[in-house]
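Given next are the chains, with one letter for each unit.
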Amino acid sequence: QNTTGRVEEAKAELEEAKEVATAQLDLAFEVLQTVSMRKLPADLDAYKSLMEACGRVGDTQRARSLIDIMKKDGFVLDGGVLSYFVSAFAHEESGTCATNESLDS
């Protein structure tokens, strides 16, 4: 394969990964909504995981919404949550989808 073909293939794979991650994020927010409607307590780890997912796909709208929900529920926004929050804006701006390795470093 030529370089152009490999680049196009990598772009397609990245776009597919972002679509899958976004679909998973949709499902996770539906679960959070169900938990809220049933008046069940959500824990901080659940919120952190959701914020991490927002950061990975660059979903700034949901990241902002999650910050508001966390504040309303009385959770303190620690460094980890805020780091993932900032990641959402970085990935939105660049149009990329983060991997585990890029967020862990």
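Everything quoted here is computed from the prediction, not taken from an experiment.

What follows covers the layout of surface pockets. The space that makes up the largest pocket amounts to roughly 220 Å³. For the largest pocket, the lining is made up of 14 residues, of which Ser36, Tyr47, Ile69, Lys72 and Asp73 are closest to its centre. Listed by contribution, the elements that provide at least two residues to the lining of the largest pocket are α1 (3-37) and α3 (60-72). Among the elements that line the lining of the largest pocket, the one with the most residues is α1, at five residues. Within the lining of the largest pocket, the residues separate by chemical class into nine nonpolar, two polar and three charged.

A word on the nonpolar core. Counting residues in hydrophobic clusters, the biggest one holds 17 residues, and the most contacted among them are Leu25, Phe29, Leu32, Leu50, Met51, Ala63 and Leu66. Only α1, α2 (44-57), α3 and α4 (79-94) provide two or more residues apiece to this core. Examining the composition of this core, we find that five residues originate from one element, α2, more than from any other.

The end-to-end C-alpha separation of α3 is 18 Å, in line with the 18 Å expected for 13 residues at 1.5 Å each. Where α3 is concerned, the buried positions are Thr60, Ala63, Leu66, Ile67 and Met70. End-on view of α3: buried residues confined to an arc of 115°, all on one side of the axis. With respect to the buried face of α3, the exposed residues turned more than 90 degrees away are Gln61, Asp68 and Lys72.

For the rest of this paragraph, the subject is the packing of α1 against α2. Relative orientation of the contacting elements α1 and α2 amounts to 150°, with a least axis distance of 10 Å. By the angle between their axes, α1 is roughly antiparallel relative to α2. Seen along the crossing, α1 lies across α2 with a hand that is left-handed. Residues Lys18, Ala21, Thr22, Leu25, Ala28, Phe29 and Leu32 of α1 lie in contact with α2, whose contacting residues are Tyr47, Leu50, Ala53, Cys54 and Val57. Counted by class, the contact of α1 with α2 contains ten nonpolar, one polar and one charged residues.

Calculation criteria
Residues numbered from 1 in each chain as written. Predicted model: local features only at pLDDT ≥ 70, side-chain atom pairs only at ≥ 80, totals over all residues. Heavy atoms only, no water. 1 Å grid on protein atoms, 1.4 Å probe; cavity = no way out; pocket = protein on both sides within 12 Å on 5 of 7 lines; lining within 4 Å. Points joined across faces, edges and corners; volume = space filled by probe spheres on them. Helix = DSSP H or I, 4+ residues; strand = E, 2+ residues; numbered from the N terminus. Nonpolar A, V, L, I, M, F, W, Y, C, P; charged D, E, K, R; others polar. Core = buried A, V, L, I, M, F, W, Y, C linked by side-chain atoms within 4.5 Å. Buried < 20%, exposed > 50% of the residue type's maximum accessible area, 1.4 Å probe, protein only. Expected span 1.5 Å × (residues − 1). Arc of directions from axis to C-beta. Axes fitted to C-alpha atoms, helices over the stretch in contact; angles between N-to-C directions. Parallel < 35°, antiparallel > 145°, perpendicular 65-115°, else oblique. Left-handed = near helix turned anticlockwise from the far one by under 90°. Contact = heavy atoms within 4.5 Å.

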